[in-house]
Amino acid sequence: QVQLVQSGGGLVQAGGSLRSSCTASGSTFSGYAMGWFRQSPGKEREFVAAINWSGARTYYIDSVKGRFTISRDNAKNTALLQMNSLKPEDAAVYYCAAVPNTRSRWPNTKPDDYAYWGQGTQVTVSS
């Protein structure tokens, strides 16, 4: 019902910044809560951050608090994960995901809480 297309990511040295954007189409963006996950080789997909339909509520794992910011602009059908002070352990493919508000169980920290996924963006952090 909604399609998610990601852009951004890249390669930075430790301490640098990157962002990953997620643009939705096919449905009203405010009808979905959004989340971000990351996955590195040999690891399971890990929850990173979530934002509710309006942007009024956000939730982060402890390891990224104070460094990452999740936001959304419903008028532009876009969600953003801003990643600052990056560490080598942050390196992964970052995925955005959406769940309809009617199915949302805040804060939606599990992959199976979400119904739709972006294609992922690579984040590489050199030490």
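A brief structural summary. (Residues numbered from 1 in each chain as written. Predicted model: local features only at pLDDT ≥ 70, side-chain atom pairs only at ≥ 80, totals over all residues. Heavy atoms only, no water.)

### Digging into the pairing of strand β8 (residues 78-83)
- Taken across its 6 residues, β8 has 5 buried, putting it largely inside the fold.
- As paired elements, strand β3 (residues 18-25) and β8 share 6 bridges and run antiparallel to each other. Looking across to β8, one finds that C22 is bridged to A79.
- The sheet contact formed by strand β7 (residues 68-73) and β8 spans 6 bridges and is antiparallel. For I70, the partnering residue across the bridge sits in β8 and is L81.
- The antiparallel hairpin formed by β7 and β8 contains 4 residues in its connecting segment, where N77 sits at a positive phi of about 55°. (Buried < 20%, exposed > 50% of the residue type's maximum accessible area, 1.4 Å probe, protein only. Helix = DSSP H or I, 4+ residues; strand = E, 2+ residues; numbered from the N terminus. Pairing = 2+ DSSP bridges.)

### Some remarks on the state of the cysteines
- Applying the stated rule across the entire model yields 1 disulfide.
- Sulfur-sulfur distance for the disulfide between C22 and C96 comes to 2.0 Å. On the sign convention where negative is left-handed, the bridge of C22 and C96, at about 60° about the S-S bond, is right-handed. Residue C22 is located in strand β3, and its partner C96 is located in strand β9 (residues 92-100); the two are separated by 74 residues in the primary sequence.
- Note on C22: relative accessible area 0%, which makes it buried.
- Note on C96: relative accessible area 0%, which makes it buried. (Disulfide = S-S within 2.5 Å.)

### Concerning the pattern of salt bridges
- Considering all chains together, one arrives at 5 salt bridges under this definition.
- Linking R38 and D90 is a salt bridge whose minimum nitrogen-to-oxygen distance equals 2.9 Å. A residue pair is termed long-range when its members are at least 10 positions apart, and R38 in strand β4 (residues 32-39) and D90 in the loop between β8 and β9 qualify at 52 residues.
- Look at D90 and you get buried, because its relative accessible area is 1%.
- Here D113 and R105 are joined by a salt bridge, their closest N and O atoms 3.1 Å apart. (Salt bridge = Lys/Arg side-chain N within 4 Å of Asp/Glu carboxyl O.)

### Some details on the nonpolar core
- L4, M34, V48, F68, L81, M83 and Y94 are the most contacted members of the largest nonpolar core, which totals 35 residues.
- At the level of secondary structure, the elements contributing two or more residues to this core comprise β3, β4, β5 (46-51), β7, β8, β9 and β11 (121-126).
- With 6 residues, β9 is the single largest residue contributor to this core. (Core = buried A, V, L, I, M, F, W, Y, C linked by side-chain atoms within 4.5 Å.)

### Observations concerning the side chain of R38
- According to the relative accessible area criterion, R38 is buried, its value standing at 7%.
- Of the polar contacts made by the side chain of R38, one reaches the side chain of D90; its length is 2.9 Å.
- Polar side-chain contacts of R38 include one of 3.0 Å to the side chain of Y94. (Polar contact = N/O pair within 3.5 Å; in protein donor to acceptor, adjacent residues only side chain to side chain.)

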